[in-house]
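Coordinate analysis (summary)
The residues making up each chain are set out below.
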Amino acid sequence: MKKNAPMTITEKILAAHAGKKRVSPGKLLNVRIDLALGNDITAPLAIKAFKEIGAKKVFHRDRVVLVPDHFTPAKDILSAEQCKILREFAKAQRLTHFFEIGECGIEHALLPEKGLVLPGEVAIGADSHTCTYGALGAFSTGVGSTDLAAAMATGKLWFKVPESFKLIYYGKINSWVSGKDLILFTIGDIGVDGALYQAMEFCGEAIQKLSMASRFTMANMAIEAGAKNGIIEPDETTLQFVKPRAKRPYRIYRSDREANYAEAREYNVSKIFPQVALPHIPSNVKDVREIGKIEIDQVIIGSCTNGHLDDLRVAAKILKGKKTAPSLRLIIIPATPEIYHQALREGLFEIFLSAGAVISPPTCGPCLGGHMGVLAEGEKALATTNRNFRGRMGHSQSEVYLSSPAVAAASAIKGWICHPDEIMKKGFKGSRVQGVK
Amino acid sequence: MKIEGRIWKFGSDVDTDAIIPARYLNQSDAKELAKHAMEDERPEFSQKVKKGDILLAEKNFGCGSSREHAPLALKAVGISCIIAKSFARIFYRNGLNLGLPLLESSEASEAIHEGDRVRVNLTTGEIFDLTQKKKFFAKPIPAFMQDLIKDGGLIRHLRKKRLKGNR
Ligand code: SF4
């Protein structure tokens, strides 16, 4: 490798955490971990493995975070037992960050909100959507329980440096288009293994216009294209989000201009309109106006992808003064207690309840067919979540469609999947609020 | 290291919800998970798999969630090895960490049929279809990962190293 070889942001962060000056794709590194995360599904296996290794103490009690967010508040006895394993381990290890019900939210919304992941850091989590924190300019990726156990014990993990895939978004963002539509469009374009093993680097003027919520949504779904991580260089918007939350110093990395990319693609966002992923794969994406009339039984607004405050605000804007279609169930799930509280203060719950929605406590719940809105045979749901695999939300003969909160809210009123313009007639000002600064 | 078994063939993008539906993840007992392996895709799978059978798939096997319950369920139901055109990243890592051998070969994925008997040599990457008398080669598993598999996964490997006092 040349001495001054340029590097991408992902390469720089990995190099810095492996004590190397420079690294290139394909290289195996033993990487220092800033944060390791587990949840009520993955941590019990990891804790078992941790004990089997013969490890006594976690590498750092502030840097191992346990979030029981999937089947909680415990949906049955088995789930309660899983949570108990986490609780007892957290107590025995004196972990600083174990989130008990009341403080617990969906991990990938909760950790950034609490300032637990910062720009330039390396975070791993036994959950595939750990890639969400790339929106902060961190390297973060999902691993399995055994890797989490090894990371908890040693504070290190081996990684192969990924190739980078540059995705450039330019042009003016259309009404009702958010980060969700951009990432769905992208996955529709490159496929569910379009970025397999790679780092997806999102950049361009349109990305800089996106709110943090929209950026988190995009990085969150990098895994849906098979990527190892998704990443966005920090800018003013990032720093505004990070500064009041950070409790330790952090570092901003940027890609060198001449850095090497295995692939690059450009998207003119002025040609992207609200998108929907049809069953049973996230890459089966269409423009919402091109799918015909698909009637739905349930709408879910929530998850680590779209349970942010911005997401609830845009849903409220559309639902205000309206009612959901008869016989349609609308379930709204604020991602964290802080979002829940703020939505309450802003009067969003009044709007949701009047529209006929039910508001769930923060939980993954129906996103993975857990509880709080599981589907019966033959039912169709439109969800702001990230996966629509067969059986993901319940019965193997049910169907899941994916969209932004704006499309979801409008569709809840209509009863079939529709463009928000069908509810918010033409001339509506401020329709570009979602996901845009 | 040699493995021999009968082939179960699957398509592209088999996701972790297909391998083990999330509704069973409120516990993590391998035997319990094994009962539901591939349930939505092929309800008869868990009853009919014989110990040592080999799973064959097309591209991007194991995409979706990071649940280690997926390779764990396949291992527990008796699958000895998975051959695919490609694997989703986290599944690949998890499989090897659990000591479940994973091989990538497009040719084998296309040519081998459901029900064929196949012998796999993990050291050389040779895949021999005994039914069709055809030979294929996958990229051999890197040496340090073969050590993992021999020891029965990352945890046993780490423990062994620890006992030897050179962790
Ligand atoms: S909300 Fe859904 S995708 Fe996100 S962490 Fe929970 S189960 Fe996973």
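Conventions used here
Residues numbered from 1 in each chain as written. Chains lettered and ligands numbered in written order. Predicted model: local features only at pLDDT ≥ 70, side-chain atom pairs only at ≥ 80, totals over all residues. Heavy atoms only, no water. Helix = DSSP H or I, 4+ residues; strand = E, 2+ residues; numbered from the N terminus. Rg over C-alpha atoms; globule rule 2.2 N^0.38 Å. Buried < 20%, exposed > 50% of the residue type's maximum accessible area, 1.4 Å probe, protein only. Contact = heavy atoms within 4.5 Å. Areas by Shrake-Rupley, 256 points an atom, 1.4 Å probe, with all protein chains shown as cover. Lys, Arg positive; Asp, Glu negative; His and termini not counted. Charge placed at Lys NZ, Arg CZ, Asp CG, Glu CD. Buried area = accessible area lost by both parts, 1.4 Å probe. Salt bridge = Lys/Arg side-chain N within 4 Å of Asp/Glu carboxyl O. Near = heavy atom within 4 Å. Nonpolar A, V, L, I, M, F, W, Y, C, P; charged D, E, K, R; others polar. Domains from an automatic or database assignment. Phe/Tyr/Trp six-rings, centres within 6.5 Å; stacked < 30°, edge-to-face > 60°. Arc of directions from axis to C-beta. Axes fitted to C-alpha atoms, helices over the stretch in contact; angles between N-to-C directions. Parallel < 35°, antiparallel > 145°, perpendicular 65-115°, else oblique. pLDDT = per-residue confidence, 0-100. Pairing = 2+ DSSP bridges. Disulfide = S-S within 2.5 Å.

1. Description of the overall build of chain A
Assigned secondary structure in chain A consists of 14 helices and 18 strands. For 437 residues, the compact-globule formula gives about 22 Å, and the C-alpha radius of gyration of chain A, at 21 Å, lands near that figure. Projected onto its principal axes, the C-alpha coordinates of chain A cover approximately 60 × 50 × 40 Å. Burial status across chain A gives 65% buried among its 437 residues. Taking all contacts inside chain A whose residues are at least 6 apart in sequence as the whole, residues at least 24 apart take part in 75%. For chain A, the computed accessible surface area is about 15600 Å², with 51% contributed by carbon and sulfur atoms. Between the mean site of the 57 positive side-chain charges and the mean site of the 44 negative ones, chain A shows a separation of 5 Å.

2. Quick word on the interface of chain A and chain B
Interface size is often expressed as the accessible area that is lost when the parts come together. Between chain A and chain B, the residue contacts involve 49 residues of the former and 39 residues of the latter. Interface of chain A and chain B: buried area, both sides summed, is about 3600 Å²; carbon and sulfur atoms make up 56% of it. Joining chain A to chain B, the criterion identifies three salt bridges. As a salt-bridge pair, D147 of chain A and R93 of chain B come within 2.6 Å of each other at their nearest N and O atoms.

3. A word on unusual backbone geometry
Most of the time, phi is negative for any residue but glycine, and the peptide bond is trans. All names here are of chain A. Here the residue pair T72 and P73 is connected by a cis peptide bond, since its omega of -15° sits within 30 degrees of zero. Within the element layout of this structure, P73 appears in the loop between β3 (64-67) and α3 (77-92). H280 follows P279 through a cis peptide bond whose omega is -10°. With respect to the helices and strands, the residue H280 is situated in the loop between β12 (275-277) and β13 (285-287). With phi around 55°, R94 is a residue other than glycine that occupies positive phi space. Structurally, R94 can be placed in the loop between α3 and β4 (97-98).

4. Describing the pattern of salt bridges
One pass over the structure, following the stated rule, counts 28 salt bridges over all chains. For R329 of chain A, the salt bridge goes to E379 of chain A, with nearest N and O atoms at 3.0 Å. Highlighted residues: R329 of chain A in strand β15 (residues 329-332) and E379 of chain A in the loop between β16 (358-359) and β17 (380-383), separated in sequence by 50 residues. The class for R329 of chain A is partly exposed, based on a relative accessible area of 32%. Residue classification places E379 of chain A among the buried residues on the basis of a relative accessible area of 17%. E4 of chain B serves as the salt-bridge partner of R119 of chain B, at 3.5 Å between the closest nitrogen and oxygen. Placement of R119 of chain B in strand β5 (residues 117-121) and of E4 of chain B in strand β1 (residues 2-9) is noted, with a sequence separation of 115 residues between them. Shared partners join several salt bridges into a network, and the residues in it are R32, D34 and R63 of chain A.

5. Regarding the site of the ligand
Residues and elements named next belong to chain A. Looking at the ligand, there are 13 residues lining it, with H129, C304, C364, C367 and N386 nearest. When contributions to the shell around the ligand are tallied by element, the ones reaching two or more residues are α4 (107-113) and α10 (303-306). Class assignment of the residues belonging to the shell around the ligand gives a composition of five nonpolar, five polar and three charged. The residue makeup of the shell around the ligand includes at least three contributed by each of domain 1 (9-267) and domain 2 (274-422).

6. Digging into the packing of aromatic side chains
Enumeration according to the criterion identifies 14 aromatic pairs over all chains in this entry. Between F87 of chain B and Y92 of chain B the ring centres are 5.9 Å apart and the planes differ by 45°, which places this aromatic pair in the tilted class. A relative accessible area of 18% means that Y92 of chain B is categorised as buried. Here the aromatic cluster, defined as three or more aromatic residues joined through ring pairs, consists of Y169, F185, F202 and Y267 of chain A.

7. Quick notes on helix α13 (residues 348-355) of chain A
Residue and element names in this part refer to chain A. Within the span of α13, buried status applies to L348, F349, I351, F352 and A355. One side of α13 carries all its buried residues, which in axial view fall inside an arc of 160°. Along α13, exposed side chains directed more than 90 degrees from the buried face belong to E350 and L353.

8. Points about the packing of helix α5 (residues 145-154) of chain A against helix α8 (residues 154-163) of chain B
Orientation of α5 of chain A relative to α8 of chain B, taken along the N-to-C sense of each, is 30°, at an axis distance of 10 Å. As judged from the angle between their axes, α5 of chain A and α8 of chain B are roughly parallel. Counted together, T146, D147, A149 and A150 of chain A of α5 of chain A and L154, I155 and L158 of chain B of α8 of chain B form the full contact between these two elements. Per-class residue counts for the contact of α5 of chain A with α8 of chain B are five nonpolar, one polar and one charged.

9. What to know about the side chain of N94 of chain B
For N94 of chain B, the location among the structural elements is in helix α5 (residues 89-97). Once you skip the residues sitting within four places of it in the chain, N94 of chain B turns out to touch V143 and G144 of chain A together with S66, R67, E68 and P71 of chain B.

10. Thoughts on the confidence of the model for chain A
Averaged over chain A, the pLDDT score is 96; the fraction of residues at 70 or greater is 97%. Counted against residues more than four places away or in other chains, residues 427-437 of chain A, with its pLDDT under 50, gives 29 contacts.

11. Focus: the sheet that holds strand β10 (residues 229-231) of chain A
Residue and element names in this part refer to chain A. Within the open sheet, the four strands sit side by side as β10-β9-β8-β11. Their pairing is parallel. Strand pairing shows two members of the sheet lacking a second neighbour, β10 and β11 (263-268), which therefore form its edges. Within the sheet, the average angular offset between the axes of one strand and its neighbour, ignoring direction, is 20°. As defined by bridge partners, strand β8 (residues 164-170) adjoins β11 across six bridges and the pair is classed as parallel. When the sheet's bridge partners are listed, K166 is paired in β11 with A264. Along the sheet, helix α6 (residues 179-190) makes contact with β8, β9 (199-203) and β11, crossing β11 at roughly 130°.

12. As for α5 of chain B
All names here are of chain B. Burial runs high along α5: nine of the nine residues are buried. Restricting attention to buried positions, one finds in α5 the residues R89, I90, F91, Y92, R93, N94, G95, L96 and N97. Positioned one or two residues after α5, G99 has a phi angle of 80°, which is positive.

13. Considerations on the state of the cysteines
Scanning all chains against the criterion turns up zero disulfides over all chains. Free of any disulfide, C131 of chain A has its nearest neighbouring cysteine sulfur in C304 of chain A, separated by 8.5 Å.

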